[in-house]
Structures are given as C-alpha cells and as structure tokens.
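# Examining the three-dimensional arrangement
As a plain string of letters, each chain reads:
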Amino acid sequence: MDERKAEMMEQARRYFDVIVIGGGHAGCEAAAAAARAGAHCALVTHAIGRIGEMSCNPAIGGLGKGHLVREVDALDGLMGRVADAAGIQFRLLNRSRGPAVRGPRAQMDRALYRRHMLAALRAQEGLELIEGEAADVVLKGDRVHSVLLASGKALGAGAVVLTTGTFLNGLIHLGEKSWPAGRMGDPPSRALAERLRGLGLPMARLKTGTPPRLDGRSIDTGILTRQEGDEEPVPLSFLTERIENPQVCCHITRTTEETHAIIRANLGRSAMYSGRIASSGPRYCPSIEDKVVRFADRAAHQVFLEPEGLDDHTVYPNGISTSLPEDVQKAMLATMPGLEEAVMLKPGYAIEYDYVDPRALDLSLMVRDVGGFFLAGQINGTTGYEEAAALGLLAGLNAARFAQGKAPLHVSRTQGYLGVMVDDLTTRGVAEPYRMFTSRAEYRLVLRADNADARLTPLGLEAGIVGPQRARRFGEKMRQLEQARRFALDHALTPQEAARHGLRINMDGRRRTVLDILGLPEGGLGKALEIWPSLGQWPKAILQELAVEGLYAGYLARQEADARAFRRDEAVSIPAGFVYEGLPGLSNELREKLERIRPQTLAQASRIDGMTPAALALILAAVRKKGAA
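Residues numbered from 1 in each chain as written. Predicted model: local features only at pLDDT ≥ 70, side-chain atom pairs only at ≥ 80, totals over all residues. Heavy atoms only, no water.

### Details of the overall build of the chain
When its secondary structure is counted, the chain shows 21 helices and 22 strands. A principal-axis box enclosing the C-alpha atoms of the chain has dimensions of 80 × 75 × 50 Å. Counting the 629 residues in the chain, one finds 59% classified as buried. Long-range contacts, defined as pairs at least 24 residues apart, comprise 73% of the intrachain contacts of the chain with a sequence gap of at least 6. Averaging the coordinates of the 79 positive side-chain charges in the chain and doing the same for the 75 negative ones gives two points 3 Å apart. (Helix = DSSP H or I, 4+ residues; strand = E, 2+ residues; numbered from the N terminus. Buried < 20%, exposed > 50% of the residue type's maximum accessible area, 1.4 Å probe, protein only. Contact = heavy atoms within 4.5 Å. Lys, Arg positive; Asp, Glu negative; His and termini not counted. Charge placed at Lys NZ, Arg CZ, Asp CG, Glu CD.)

### Observations concerning the sheet that holds strand E19 (residues 349–356)
Taken together, four strands build an open sheet; the order of strands is E11-E10-E19-E12 and the sheet is antiparallel. Lying at the two open borders of the sheet, with one neighbouring strand each, are strand E11 (177–180) and strand E12 (203–210). Geometrically, the sheet is characterised by an average inter-axis angle of 25° between neighbouring strands, direction not taken into account. Examined bridge by bridge, strand E10 (residues 171–174) and E11 share four bridges and lie antiparallel to one another. Pairing of His173 across the sheet is with Ser178, part of E11. (Pairing = 2+ DSSP bridges. Axes fitted to C-alpha atoms, helices over the stretch in contact; angles between N-to-C directions.)

### Quick notes on the packing of aromatic side chains
Within this structure, the stated rule accounts for four aromatic pairs. When the ring of Phe374 is compared with that of Phe402, the centres are 6.3 Å apart and the planes differ by 75°; the resulting orientation is edge-to-face. With Phe374 in strand E20 (residues 373–375) and Phe402 in helix H10 (residues 385–403), the pair connects residues that are 28 residues apart, well separated along the chain. Take Phe374: its relative accessible area is 1%, and that puts it in the buried class. Residue Phe402 is classed as partly exposed on the basis of its relative accessible area of 24%. Here the aromatic rings of Phe487 and Trp538 are separated by 5.4 Å at their centres, their planes lie at 70°, and the arrangement is edge-to-face. Taken together, the positions of Phe487 in helix H13 (residues 468–490) and Trp538 in the loop between helix H16 (525–531) and helix H17 (540–551) put the pair 51 residues apart, joining distant regions of the chain. Accessibility assignment for this pair places Phe487 and Trp538 in one class, buried. A cation over an aromatic ring shows up here: Arg70 above the ring of Phe238, its NZ or CZ 5.3 Å from the ring centre. When the ring centre of Tyr434 is taken as reference, the NZ or CZ atom of Arg440 above it lies at 4.0 Å. (Phe/Tyr/Trp six-rings, centres within 6.5 Å; stacked < 30°, edge-to-face > 60°. Lys NZ or Arg CZ within 6 Å of the ring centre and 35° of its normal.)

### Here we look at the sheet that holds strand E4 (residues 87–93)
Sheet strands pair by backbone hydrogen bonding; their relative direction is either parallel or antiparallel. If you walk across this open sheet you meet the three strands as E3-E5-E4, and the pairing is antiparallel. Because the sheet does not close on itself, it has two edges, and the strands there are strand E3 (59–61) and E4. With strand direction ignored, the average angle separating the axes of adjacent strands in the sheet is 20°. Note that E3 and strand E5 (residues 103–108) share three bridges and pair antiparallel. Bridge pairing in E5 links Ile60 to Ala106.

### Details of the side chain of Gln329
Relative to the helices and strands, Gln329 resides in helix H9 (residues 326–333). A residue is classified by how much of its surface remains accessible, and Gln329, at 0% relative accessible area, is buried. A polar atom in the side chain of Gln329 sits 2.8 Å from the backbone nitrogen of Gly348. Not counting the four nearest positions on each side in its chain, Gln329 is found in contact with Leu174, Pro212, Thr322, Leu324, Met344, Pro347 and Gly348. (Polar contact = N/O pair within 3.5 Å; in protein donor to acceptor, adjacent residues only side chain to side chain.)

### Notes on unusual backbone geometry
Of note in the backbone geometry, Asn169 takes a positive phi value of approximately 55° without being a glycine. When you line up the elements, Asn169 lands in the loop between strand E9 (154–162) and E10. Given the relative accessible area of 26%, Asn169 is considered partly exposed.

### Some thoughts on the layout of surface pockets
What the second largest pocket holds in volume is close to 1,300 Å³. Every residue lining the second largest pocket is counted, 38 residues in all, and those nearest its centre are Arg70, Val234, Pro235, Ala541 and Gln544. Secondary-structure elements contributing two or more residues to the lining of the second largest pocket are helix H12 (452–463), H13 and H17. No other element matches H17, which puts seven residues into the lining of the second largest pocket. (1 Å grid on protein atoms, 1.4 Å probe; cavity = no way out; pocket = protein on both sides within 12 Å on 5 of 7 lines; lining within 4 Å. Points joined across faces, edges and corners; volume = space filled by probe spheres on them.)

### Here we look at the pattern of salt bridges
Proximity of charged atoms lets side chains of opposite charge pair with each other. Following the criterion strictly, the structure yields 42 salt bridges and no others. Across the pair Asp215 and Arg217 runs a salt bridge whose closest N-O atoms are separated by 3.0 Å. With a relative accessible area of 10%, Asp215 lands in the buried category. Where salt bridges share partners, they join Arg413, Asp423, Asp424, Arg428, Glu442 and Arg607 into one cluster. (Salt bridge = Lys/Arg side-chain N within 4 Å of Asp/Glu carboxyl O.)

Note that all results are geometric; they support no functional claim without further evidence.
See below:
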C-alpha cells in the first residue's frame with residue numbers, strides 16, 4: 001500500500017530534508033535544530049498563530065527542568081532566549097541548597113512567548129512554516145518517504161519528526177462530559193494515531209490535566225501571601241545580559257477543609273474517580289482530587305496564583321488541576337481564601353492521549369524499525385515543556401543528520417540531563433508521564449545548570465548547530481574561566497597567613513590555593529576576594545562558576561572518575577542485529593528484555609531491570625567474540 005502511494009505521489013510533491021509535524025515546544029526546537037544543521041526543513045502545524053502555545057502552566061524551568069532549558073540553550077536552541085524575552089517573574093529555586101540542584105524558573109507572558117517563538121522560527125534560515133493537518137506518514141520500504149496533508153497535498157521527506165503532544169487521539173474529560181480534542185478548542189490527531197498503530201508500534205494511553213483559569217481582577221490579593229521574584233533575575237539563556245520586562249508578583253492561597261469536603265462529596269462526578277479514565281497521570285503533579293484522597297490527613301494544600309501576562313487578567317491557579325464538573329470547580333474555588341468572589345474564565349479538565357512506548361526508539365530518538373522516523377515530546381511518554389523541547393532538539397538534529405547521510409549524535413548520561421532522559425526512556429520505558437528531576441542523574445554534581453554550556457556547546461559546535469554569536473560568547477567565557485582557574489591554582493597562602501585572615505585550617509605547612517579557600521565552610525567567594533582583590537577582574541558569572549568548582553572540588557574528582565568508567569562501558573557497542581537467543585547463562589526473562597529493548601551499548605544494557613554482573617560479562621564476551629570473528 002505504502003509503495004503504491006509513494007509512487008503515485010512522487011511527481012506531485014515538494015521535497016524537504018526534514019518535515020516536523022507539530023508546532024509545540026518539541027516541534028519548535030526540532031524544526032529550528034534541523035534547519036541549523038543545514039537541512040531544508042518544513043514545520044507543519046494546525047495553526048501558525050498558536051505555535052509555541054503554553055497549554056498548561058505559564059512557566060518555564062524549575063528543579064531539573066531548568067537544567068534541561070540551559071542544555072537546550074547551550075546547543076543554541078530557542079527556549080531559553082524566548083523565555084527571557086517573555087518572562088515576567090524570575091526565581092532561582094533551591095537557592096539555599098547546593099548549586100548542583102538549583103533550578104532557574106521563569107513565569108511567562110503567554111502571548112509574548114508565542115510571539116517571540118514565532119519570530120525566532122521565521123528568522124531561521126532554511127525553515128518553512130506550513131499550516132495544515134498532517135494526515136499520514138508514507139513509507140517506501142522500511143523508511144519514510146513523504147507526509148500527506150489532509151488537503152491532499154504531498155510533501156516529500158528525507159526524515160520526519162513527529163511531535164503530537166496531547167493531540168494523538170486526545171480525549172478531554174470534564175466532569176461527566178468527554179469529547180475528542182487535542183487541547184481545549186483544538187481537534188485531535190486521529191489519522192496519525194491510526195497510522196502509528198498500523199505500523200505495529202507499541203502504544204498506550206497517558207493522561208494529564210490543567211486547572212481552571214481565573215479573572216485576576218476578582219481575586220482579593222490583599223489577604224494573600226505575596227511571592228515576589230528575585231531582585232536580580234537569573235536569565236535562562238547564557239546569551240541574555242539583562243531582563244527587560246517588568247516583573248510581576250504572584251500570590252499564594254490554600255485549600256481548606258471545606259474545599260476537601262466538596263471534593264470528597266463529588267468524587268463520583270470526577271472523570272478520574274468515576275472510572276472513565278484508566279490511564280496513568282503524572283504522579284508528581286497530581287490532580288486536586290488525588291491530593292485530597294492520597295493525603296487525607298492534610299488540612300490544606302498550597303495554591304500558587306500565577307498571572308498569565310502583563311496585559312492579560314487571566315490567573316493560573318497552580319496546584320488544583322482537576323476533572324471535576326464546572327459547578328463543583330466554582331464551589332471549590334469559593335472556599336479558598338481570596339477566591340471567595342473569583343470569576344472562573346475557563347474550567348479545568350483532564351485529557352487522555354496516545355503515546356508510543358519509547359523503548360521502540362533508539363538513542364537518536366528514531367523508531368528502530370522505520371528509517372528516518374523520529375518521535376519527540378509527549379508522544380515519547382514525557383510531560384512538560386522543557387522535556388519536550390530537549391527531546392525535540394535532539395530529534396530534529398538527528399533527523400537532519402539522517403537525511404544528510406551522517407551518523408547520529410548521542411548525548412551520554414555523563415554529558416547532560418538530556419542524555420539521562422533519553423537513556424531512561426529508551427531503556428526503561430514509562431509507567432507514568434516522565435518528568436525530569438535532579439535525582440535521576442547520578443552525575444549531578446557535574447551536570448549543573450551553570451555549566452551546561454561548558455558541557456554541551458562544544459558538542460553543538462562539532463555538530464554545526466551553534467551560531468556565530470554563541471560561538472564567540474562561549475569562546476570568550478571559556479577563555480576567561482581558564483584564566484580565572486589558572487589564577488586560582490597559582491595563588492595560595494600558608495596556614496599562618498590563612499589564620500591572619502580568620503580561616504581555621506590545619507597547621508600542616510601545606511599551602512592552600514584560591515580553589516581550596518573557595519571550598520572552605522568559612523571561606524567562599526567573598527573571603528577569596530577579600531584576600532586576593534585582583535580576583536575581581538573577572539565577571540561575576542565567571543567567579544560564581546569558579547566558586548562552585550572550589551566548593552565541589554573533591555566530589556567532582558570522584559564523579560569524573562565514575563563518569564570515565566561509565567564511558568568505557570558506553571564505548572562497547574552492541575551490534576544492531578545481535579542475537580541473544582543462543583547465549584548460554586541468560587535467563588529467559590532477561591533474554592526477552594534484551595530482545596525487546598535492544599540496547600545499543602553495554603552501559604545501556606547494564607541499566608535494564610534484572611541485569612546482573614554475570615549476564616553483562618557474558619554479553620561483553622559474546623560481543624568481543626563477534627567483533628573478532
């Protein structure tokens with residue numbers, strides 16, 4: 001069928017190296033990355049005016065997520081720069097904790113975000129925006145050939161990136177009502193869902209939800225706790241020198257016992273608790289119904305009231321995602337301090353959608369059995385704008401490389417949170433929407449938000465996706481950082497000299513360098529500048545990164561050693577057609593998992609549930625024997 005269809009469309013089609021389907025956060029980054037990599041790229045979306053839509057909360061970044069934004073930015077992606085241009089409140093989360101787990105976060109003006117993202121895409125050379133519905137991905141043999149639009153128009157493709165978000169067979173639930181939709185007000189993608197099932201891809205359902213939207217003018221903010229942004233906003237992009245937008249204040253309210261009583265009395269009318277939704281939702285972002293049921297002993301839950309724009313009165317009540325009926329939502333809201341008279345502009349709702357088991361993908365995010373077909377974003381089982389953007393960038397880059405006949409680019413767990421996420425997804429799959437946390441990374445002291453450029457920009461330069469502006473800025477930063485490191489190692493003081501500066505260290509005759517002083521509890525950057533004023537010749541950002549290196553010096557050395565050992569295992573590739581069937585000593589269960597997941601490296605095989613050191617040794621020996629044959 002595909003062969004005949006491909007032949008019929010051959011003469012009447014336009015050709016693109018890469019076609020990206022979907023204009024959400026994954027699609028935007030995929031299209032821009034493919035074009036930066038030199039591909040002639042098309043982005044196909046239902047509505048160009050809704051490119052970069054923030055369907056859920058109006059914020060970018062956070063714990064773990066902020067690391068991903070910085071990594072996207074380090075690879076010259078768009079999200080960080082667009083967020084800085086659209087941000088209306090910036091906060092560095094976990095500021096009181098160690099630098100490795102601090103997460104930059106920014107509240108967005110939704111309209112500004114869409115506007116700046118669309119402008120960035122339109123300014124990208126080699127990228128064309130096409131408004132329309134993708135109805136089919138046509139194959140020729142075992143690789144993609146073209147994309148068929150609902151209008152009947154055919155677009156030839158060297159590679160395709162599918163980024164459908166919640167649109168794939170999307171079904172909205174609001175109380176007792178349900179209807180097909182990709183999000184409120186937009187139709188779902190049914191034809192593509194049928195197409196994927198027809199390819200035999202392993203698919204299942206996930207769900208997510210959103211809270212009601214409120215009219216900020218009807219909220220009594222005077223009685224609520226204020227939540228201000230940081231006095232000195234920390235940008236999300238390494239290229240941003242200062243934040244231009246005025247900064248707004250958020251407020252905090254809470255649920256009450258009366259709120260919980262209303263929810264309990266109406267659980268049978270909630271789509272989730274009435275049995276109409278059977279799919280899994282994000283455990284770390286539960287609905288308010290889930291919170292009340294699972295944490296029955298809690299008298300209150302915080303609700304963060306987040307403005308959606310500078311010229312928009314809409315407020316997003318973060319923390320009360322729900323699928324309860326509209327009348328119950330209104331009653332519930334009226335029981336919360338400050339919301340007694342609140343006007344609900346839109347109800348909250350839950351949405352179910354199809355996703356593809358990410359274990360059907362390889363580490364480049366290409367479907368293993370279909371050449372040139374890449375998936376990114378929520379279709380991979382993730383949740384969140386930041387996860388989608390990072391996956392989109394990698395998929396777009398590798399789609400371009402596939403179309404150009406180049407080897408794919410892989411990001412290791414030792415290089416970035418992006419590598420952690422891809423490895424987790426393709427090795428372990430998901431039982432619920434995957435969300436990034438710093439705890440998922442075993443090398444998180446190395447994988448900090450502040451050094452994402454040092455880790456990944458060289459990779460981007462090598463891949464040809466980093467523009468001249470970032471290349472210049474990065475080169476200058478690395479030059480300054482290296483100078484500051486040399487200064488920190490060349491300047492030292494004796495224990496006696498340290499004591500005169502109020503530092504308590506062992507009188508062992510060993511001189512302490514600037515880096516040593518930076519790591520002392522009573523030391524730090526302030527004390528180092530007091531002892532060596534000439535250290536102040538470098539910019540604040542350089543000194544802060546140097547201070548982090550001093551603070552973690554001993555731990556970093558150990559993690560670097562662990563990372564080197566991990567990379568040795570990663571260097572052992574397992575051939576694509578490797579047969580586990582005749583390998584003695586493997587249990588049937590483990591053999592089935594290996595055949596299904598098909599790990600690409602020994603390191604990936606080591607993270608399969610149930611893997612043992614003995615089984616790894618058997619695989620390594622067999623791979624080496626096959627290589628020597």
